[in-house]
Amino acid sequence: MINPETPVRELGERALLKHLRSRVPSGPGVEIGIGDDAAAIETSPITLVTTDCLVEGVHFLREWAPARLVGRKALTVNLSDIAAMAGTPRHAVVSLCLPPDLPLWWVDGLYDGLLERSAETGVTIVGGNLAVSISQIVVDITLLGQGGDKLMRRSGAVPGDLVVVSGALGAAAAGLKLLAQGARLDEDGFLHKTGVWTESSARAVTHCLRALLDPNPPLAFSRALAEQDIVHAGMDLSDGLSGDLRTLCDESDVSAWVDAAALPVDGAAASLERARGGDAASLALHGGEDYQLLLAVPPDRLDALRDVAVIWDIPTTVVGEFAPGPSALLLKKGGSLLPLTAQSHDHFRARPATGGEPATRP
Ligand SMILES: [Mg+2]
């Protein structure tokens, strides 16, 4: 048993690798896992590949997110992308850049979350890399998945298709505000501090913090939608509805309008926003990190969509309609149609999350 306070500098790369390797179980389709020059895995005829990283100071702060939740989320953001192609996640490689003074308990906490989320979703970790970084932690994951006969693409929406979203929107964006106000979850995902909020808001605070720190995208739903030809196009909502809808319009060469009154604003986010005099609809429209699905559904397939949604217990809401291109967005508000500017997150334009009120999202 290694002392969990041991900094990785003292432990060394070889011992850390050996330690992590001993924790990772093998899984189906793995010929050679961690430990050789490369992993050897059986893949399907269509293999989906996606990659996403969490950078300390950009996507998370150590004092905001327990290591276990960082591990869960690092895999979840990749799972969401495989699901958004109507695929099944299978194998992951994990690259870690670690500052030399990072204690082993943090790395073990990260792996607790990674392994737990892997087990929940049938993913096997088959390799990765360890490197030192100057001061920030980087968790970089590449996830491979099995593509079915039908993939869900961002292109393919046609004028007349309905704009449909799964789940509720805005809770993660509300969670980000709560973190800035001192609210915290513990490593088991329970409320640790309410920040500026009173105990009476504890449920709503917990819900929004979990939505941000431990998102739960609908993973199998899109496979059913693709198999049954229910959608023309779709993607996951990571950057916010306005930005992602604009992306889908760009890829499909259509425009779209959204009805502000129809947005499925998360109830907890709405109650917290109301209490502070804010606008929850704007969180749902521009907030980001919802990890729900944005779908283009032909009107004659809406009943079929609802049937599948009931089976998977996924709320779905029609929020607008696609119209002829060129790509543009309109917002229907109080009987009039106004131009809607996509407020998409831009990594290279965003303020870094160090000092002040951090802006953190992938
Ligand atoms: Mg995506």
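Since the model is a prediction, treat every value here as computed from it, not as a measurement.

### Quick notes on the overall build of the protein
Counting its regular elements, the protein contains eleven helices and 15 strands. When burial is assessed residue by residue, the protein has 53% of its 362 residues classed as buried. Taking contacts inside the protein between residues at least 6 apart in sequence as the whole, the part at least 24 apart equals 84%. With an accessible surface of roughly 16,300 Å², the protein has 51% of that area assigned to carbon and sulfur atoms. Charge-centre separation for the protein: the mean point of 30 positive side chains lies 3 Å from the mean point of 45 negative side chains.

### Quick notes on the environment of His-347
Inspection of the secondary structure puts His-347 in the segment after strand S15 (336–339). Along the backbone, His-347 and Ala-220 are 127 residues apart, and their C-alpha atoms lie at a distance of 29 Å.

### A few points about helix H11 (residues 302–312)
Because an α-helix completes one turn every 3.6 residues, residues spaced three or four positions apart along the sequence face the same direction. Those residues of H11 that sit buried are Leu-302, Ala-304, Leu-305, Val-308 and Ala-309. With its buried residues spanning 155 degrees around the axis, H11 presents them on a single face. Those residues of H11 that are exposed and angled more than 90 degrees off the buried face are Asp-303, Asp-307, Val-310 and Ile-311. Next to the buried residues of H11 lie strand S7 (162–166), helix H7 (221–227), strand S12 (293–297) and strand S13 (316–324). Asp-313, located one to two residues past H11, shows a positive phi value of around 60 degrees.

### Structural notes on the domain arrangement of the protein
Domain annotation of the protein identifies domain 1 (8–147) and domain 2 (162–339). Contacts between the two partners involve 21 residues from domain 1, matched on the other side by 26 residues from domain 2. The largest per-residue losses of area from domain 1 upon contact with domain 2 belong to Trp-64, Leu-69 and Lys-73, which jointly make up 32% of the total buried on that side. If you look at where domain 1 meets domain 2, you find two salt bridges. Between Asp-214 and Arg-72 there is a salt bridge, and its shortest N-O distance comes to 2.9 Å. Connecting domain 1 to domain 2 are nine residue pairs in polar contact (both at pLDDT 80 or more). Where the side of domain 1 that touches domain 2 is concerned, the elements lending two or more residues are helix H3 (67–83), strand S4 (87–98) and helix H4 (104–121). Residues of the side of domain 1 that touches domain 2, tallied by class, amount to ten nonpolar, five polar and six charged.

### Details of the side chain of Ser-255
Following the sequence through the fold, Ser-255 ends up in strand S11 (residues 254–259). Within the structure, Ser-255 has its side chain in polar contact with the backbone oxygen of Pro-324 (distance 2.7 Å). Sequence-distant contacts of Ser-255, that is, excluding residues within four places in its chain, are made with Cys-249, Glu-321, Phe-322, Ala-323, Pro-324, Gly-325, Pro-326, Ser-327 and Ala-328.

### With respect to the coordination of the magnesium ion
Each protein donor to the magnesium ion is listed here as Asp-81 (OD) and Asp-236 (OD); together their distances run 2.1 Å. Of this pair, Asp-81 sits in helix H3 while Asp-236 is found in strand S10 (residues 233–236), placing the two residues 155 residues apart along the sequence.

### What to know about the sheet that holds S7
The strand order across the open sheet formed by seven strands is S10-S12-S7-S13-S11-S14-S15, and the pairing between neighbours is mixed. The strands lining the two open edges of the sheet, one partner per strand, are S10 and S15. Pairwise comparison of adjacent strand axes, ignoring direction, gives a mean angle of 25 degrees for this sheet. In this structure, S11 lies alongside S13, joined through five bridges in antiparallel fashion. In the strand pairing of S13, Ser-255 is matched with Ala-323. Lying over the sheet, helix H8 (residues 241–252) contacts S7, S10, S11, S12, S13 and strand S14 (329–333), oriented at roughly 145 degrees with respect to S10.

Rules of the game
Residues numbered from 1 in each chain as written. Predicted model: local features only at pLDDT ≥ 70, side-chain atom pairs only at ≥ 80, totals over all residues. Heavy atoms only, no water. Helix = DSSP H or I, 4+ residues; strand = E, 2+ residues; numbered from the N terminus. Buried < 20%, exposed > 50% of the residue type's maximum accessible area, 1.4 Å probe, protein only. Contact = heavy atoms within 4.5 Å. Areas by Shrake-Rupley, 256 points an atom, 1.4 Å probe, with all protein chains shown as cover. Lys, Arg positive; Asp, Glu negative; His and termini not counted. Charge placed at Lys NZ, Arg CZ, Asp CG, Glu CD. Arc of directions from axis to C-beta. Domains from an automatic or database assignment. Buried area = accessible area lost by both parts, 1.4 Å probe. Salt bridge = Lys/Arg side-chain N within 4 Å of Asp/Glu carboxyl O. Polar contact = N/O pair within 3.5 Å; in protein donor to acceptor, adjacent residues only side chain to side chain. Nonpolar A, V, L, I, M, F, W, Y, C, P; charged D, E, K, R; others polar. Donors = N, O, S within 2.8 Å, 3.2 Å for Na, K, Ca; no water. Pairing = 2+ DSSP bridges. Axes fitted to C-alpha atoms, helices over the stretch in contact; angles between N-to-C directions.

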